[in-house]
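Secondary and tertiary structure notes
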Amino acid sequence: QPAPPTPAQPAPSSRLWIVAGGASGTLRGHCQNCEQDFPFRHGGALVGNGGYHVTSRMDVGADVFWMQWNNESGRIRATAINGVAQFRPWESKGFFVKGGAGMAFVRNWVQTIGPNPDDSKAPAVVIGGGWEFNSKGPLGLQLFAMQHVGALGDLQTVNGPVSDVTGNFWSLGAAIVIR
């Protein structure tokens, strides 16, 4: 007897993923020995992720976060680029948690000495979580909450040095997911 026909194999799904979207961000700078209380600042943010599905519940890749806001000394832009791991505790649900580390790049952080803007590089971390809708399809929607932290270290300002400066960036947003 001839062997029964084998069912057609489904096309392999891509192991790559890309996320792009926007967020509402809040920033607060802080330092250990500061006598002043820094205000919260708000602005729009752009987010992007890309990476590789290691397993059905774990992804690794890169996270990019960009935010711009204004203060008394001018416009400030911050970019954080982190290597991340994203974990889904339940394979059949859209909930995920994410964490990672990398670098933050800040332009015009504070009013500087001289006419040129100040550029800073800093170690950075990111933590957060969210929910992805249509997590099994090729196109999905992701809602998320993240915190990016940049440890800027010591900065020189017109009022003198400021030591141990940290920037905390909180964001709530939505993004499109492509697999």
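Moving on, we come to the overall build of the protein. Secondary structure assignment for the protein yields 0 helices and 8 strands. Reading the protein from its N end, one meets helices and strands in the order β-β-β-β-β-β-β-β. Relative to its 179 residues, the protein shows a buried fraction of 36%. For the protein, restricting intrachain contacts to residue pairs at least 6 apart in sequence, the fraction spanning at least 24 positions comes to 59%.

Let us look at the nonpolar core. Generally speaking, a soluble globular protein has its nonpolar side chains buried in company with each other. Among the nonpolar cores identified, the biggest contains 27 residues, and Phe-65, Met-67, Trp-69, Phe-144 and Phe-169 are the most heavily contacted of them. Counting residues per element, this core draws most heavily on strand 1 (residues 16-31), at 5 residues.

Structurally, the position occupied by Glu-132 is in strand 6 (residues 119-133). In this view, Glu-132 contacts Gly-94, Phe-96, Leu-141, Gln-142, Val-177 and Arg-179; residues no more than four positions away in its chain are not counted.

Before going further, it helps to spend a moment on the pattern of salt bridges. Here the structure, examined in full by the defined rule, presents 2 salt bridges. The shortest N-O distance in the salt bridge between Arg-88 and Asp-59 comes to 2.8 Å. Taken together, the residues Arg-88 in the loop between strand 4 (74-87) and strand 5 (95-107) and Asp-59 in strand 3 (residues 58-71) connect sequence positions 29 residues apart. Neither Arg-88 nor Asp-59 differs from the other in exposure class; each is buried. Across the pair Glu-132 and Arg-179 runs a salt bridge whose closest N-O atoms are separated by 1.7 Å. In this pair, Glu-132 is assigned in strand 6 and Arg-179 in the segment after strand 8 (160-178), connecting sequence segments 47 residues apart. For Glu-132, a relative accessible area of 7% gives the class buried.

Attention now goes to the packing of aromatic side chains. If you walk through the whole model with that rule in mind, you get 4 aromatic pairs. Look at Trp-90 and Phe-95: their rings are 5.9 Å apart centre to centre, the planes differ by 50 degrees, and that puts the pair in the tilted class. Here the basic side chain of Arg-28 rests over the ring of Phe-40, its NZ or CZ set 5.2 Å away from the ring centre.

What follows is about a nonpolar patch on the surface. A contiguous nonpolar patch, built from Ile-18, Trp-131, Phe-133, Leu-139, Leu-141, Leu-143, Ile-176 and Ile-178 and spanning about 720 Å² of accessible area, is present on the exposed surface. Going through the elements one at a time, strand 6, strand 7 (139-157) and strand 8 are the ones with two or more residues in the nonpolar patch. Among the elements that make up the nonpolar patch, the one with the highest residue count is strand 7 (3 residues). For Leu-141, a relative accessible area of 36% gives the class partly exposed.

What follows is about the environment of Gly-153. In this fold, Gly-153 is placed in strand 7. Of the residues examined, Gly-153 reaches a relative accessible area of 24% and is grouped as partly exposed. Separated by 13 residues in sequence, Gly-153 and Thr-166 have C-alpha atoms that sit 7.0 Å apart.

Quick look at the confidence of the model for the protein now. The predicted coordinates of low-pLDDT regions are not to be read in fine detail. Considering every residue of the protein, the mean pLDDT works out to 82; 78% of them sit at 70 or more. Taken as a whole, residues 8-12 scores under 50 in pLDDT and shows 0 contacts with residues more than four places along the chain or in a different chain.

Checked against the element boundaries, Gly-29 lands in strand 1. Once the C-alpha coordinates of Gly-29 and Arg-41 are considered, the two residues, 12 residues apart in sequence, prove to be 9.0 Å apart.

Once that is clear, we can look at the side chain of Lys-98. With respect to the helices and strands, the residue Lys-98 is situated in strand 5. No salt bridge is formed by the buried Lys-98, whose closest oppositely charged neighbour, Asp-63, lies at an N-O distance of 4.1 Å. Within the structure, the side chain of Lys-98 is placed 3.1 Å from the side chain of Asn-49, a separation counted as a polar contact. Sequence-distant contacts of Lys-98, defined by excluding residues within four places in its chain, comprise Asn-49, Asp-63, Val-84, Ala-85, Gln-86, Val-126, Ile-127, Gly-128 and Met-146.

About the cut-offs
Residues numbered from 1 in each chain as written. Predicted model: local features only at pLDDT ≥ 70, side-chain atom pairs only at ≥ 80, totals over all residues. Heavy atoms only, no water. Helix = DSSP H or I, 4+ residues; strand = E, 2+ residues; numbered from the N terminus. Buried < 20%, exposed > 50% of the residue type's maximum accessible area, 1.4 Å probe, protein only. Contact = heavy atoms within 4.5 Å. Core = buried A, V, L, I, M, F, W, Y, C linked by side-chain atoms within 4.5 Å. Salt bridge = Lys/Arg side-chain N within 4 Å of Asp/Glu carboxyl O. Phe/Tyr/Trp six-rings, centres within 6.5 Å; stacked < 30°, edge-to-face > 60°. Lys NZ or Arg CZ within 6 Å of the ring centre and 35° of its normal. Patch = residues over 30% accessible without salt bridge, like charges linked within 9 Å, V, L, I, M, F, W, Y side chains within 5 Å. Areas by Shrake-Rupley, 256 points an atom, 1.4 Å probe, with all protein chains shown as cover. pLDDT = per-residue confidence, 0-100. Lys, Arg positive; Asp, Glu negative; His and termini not counted. Polar contact = N/O pair within 3.5 Å; in protein donor to acceptor, adjacent residues only side chain to side chain.

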